[in-house]
Amino acid sequence: MKRDVHFILNGRPVTFSVEPRTTLLRALREYGVTSVKRGCEEGECGTCTVVIDDLAQKSCMILALEAEGKSVLTVEGLVGPKGELHPIQRAFVDEGAIQCGFCTPGMIMSAYAFLRKNPDPTEEEIRVALAGNLCRCTGYIPIFRAVRKAAAALRELGHTPGGVR
């Protein structure tokens, strides 16, 4: 028997009708959120990472009903009102940190949650923050470079911890 779950998705209130065993990953994909990828579905690869109430979470490990009353942000929610890329997205493009693109939304959402807490990270801190996201194409150097570039861009724009859109 399906139950309704109400939460904020990318700044807008939504109601999904889901089976109690439905993961947030599957619910989001059924709703048409295509950036959230189905990878391992065991919490290992990070391709399904979303930000829930400011924490990076693997949506394959969360039941959709657990999102009740929370704020869920996907990479679609980072795009500006006129379609402009978020500084983190721009940095990934500029640094060639995207190849096949399968891992990219999860990487960006992990970076987003991380930079909200740590706007001036060291290389080691970036590596640790993204350790739960796997990339099989680019290697990690362009991704780490993109996160450093995004951090600098966000600082230049005046974003403070917890203040990154």
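Nothing here was measured: the structure is a model prediction, and the numbers come from that model.

Moving on, we come to the packing of helix α2 (residues 87-94) against helix α5 (residues 141-156). Taken N-terminus to C-terminus, the directions of α2 and α5 make an angle of 140°; their axes are 8 Å apart at the nearest point. As summarised for this structure, α2 and α5 are arranged oblique, according to the angle between their axes. The interaxial crossing formed by α2 with α5 has right-handed handedness. For the pair α2 and α5, contact is made by Pro 87, Ile 88, Ala 91, Phe 92 and Asp 94 and by Ile 143, Ala 146, Val 147, Lys 149, Ala 150, Ala 153 and Leu 154, respectively. Grouping the constituent residues of the contact of α2 with α5 by class yields ten nonpolar, no polar and two charged.

All right, on to the nonpolar core then. Proteins that are soluble and globular tend to have nonpolar side chains buried together. The biggest cluster of nonpolar side chains holds 27 residues, and the ones touching the most others in it are Ile 88, Phe 92, Met 109 and Leu 115. Here this core takes eight residues from helix α3 (residues 104-117), the largest share from any one element. Mapped onto the domain boundaries, this core takes at least three residues apiece from domain 1 (3-77) and domain 2 (87-157). Counting 21 residues, the second largest nonpolar core, distinct from the first, contains Val 5, Leu 9, Ala 64 and Val 72.

This part is about the side chain of Ser 110. Positionally, Ser 110 belongs in helix α3. By relative accessible area, Ser 110 is classed as buried at 6%. When residues no more than four places from it in sequence are discounted, the contact partners of Ser 110 are Thr 49, Ala 56, Leu 130 and Asn 133.

Take the packing of α3 against α5 next. With their axes 11 Å apart at the nearest point, α3 and α5 run at an angle of 40° to one another. In terms of orientation, α3 lies oblique with respect to α5. Of the two possible hands of crossing, α3 and α5 adopt the one that is right-handed. For the pair α3 and α5, the contacting residues are Met 107, Ala 111 and Leu 115 in the first and Ile 143, Val 147, Ala 150, Ala 151 and Leu 154 in the second. The class makeup of the residues in the contact of α3 with α5 is eight nonpolar, no polar and no charged.

Turning our eyes to something else, we now look at the domain arrangement of the chain. Parsing the chain into structural domains produces domain 1 (3-77) and domain 2 (87-157). Taking only C-alpha atoms, the centre of domain 1 and the centre of domain 2 are 21 Å apart. With 18 residues of domain 1 at the contact, the number on the domain 2 side is 15 residues. Counting across the interface, domain 1 meets domain 2 through one salt bridge. Summed over the shared surface of domain 1 and domain 2, the result is five residue pairs in polar contact (both at pLDDT 80 or more). Contributions of two or more residues to the side of domain 1 that touches domain 2 are made by β3 (49-52) and β4 (55-58). For the side of domain 1 that touches domain 2, the class distribution of residues is seven nonpolar, six polar and five charged.

Rules and cut-offs
- Residues numbered from 1 in each chain as written.
- Predicted model: local features only at pLDDT ≥ 70, side-chain atom pairs only at ≥ 80, totals over all residues.
- Heavy atoms only, no water.
- Axes fitted to C-alpha atoms, helices over the stretch in contact; angles between N-to-C directions.
- Helix = DSSP H or I, 4+ residues; strand = E, 2+ residues; numbered from the N terminus.
- Parallel < 35°, antiparallel > 145°, perpendicular 65-115°, else oblique.
- Left-handed = near helix turned anticlockwise from the far one by under 90°.
- Contact = heavy atoms within 4.5 Å.
- Nonpolar A, V, L, I, M, F, W, Y, C, P; charged D, E, K, R; others polar.
- Core = buried A, V, L, I, M, F, W, Y, C linked by side-chain atoms within 4.5 Å.
- Buried < 20%, exposed > 50% of the residue type's maximum accessible area, 1.4 Å probe, protein only.
- Domains from an automatic or database assignment.
- Salt bridge = Lys/Arg side-chain N within 4 Å of Asp/Glu carboxyl O.
- Polar contact = N/O pair within 3.5 Å; in protein donor to acceptor, adjacent residues only side chain to side chain.

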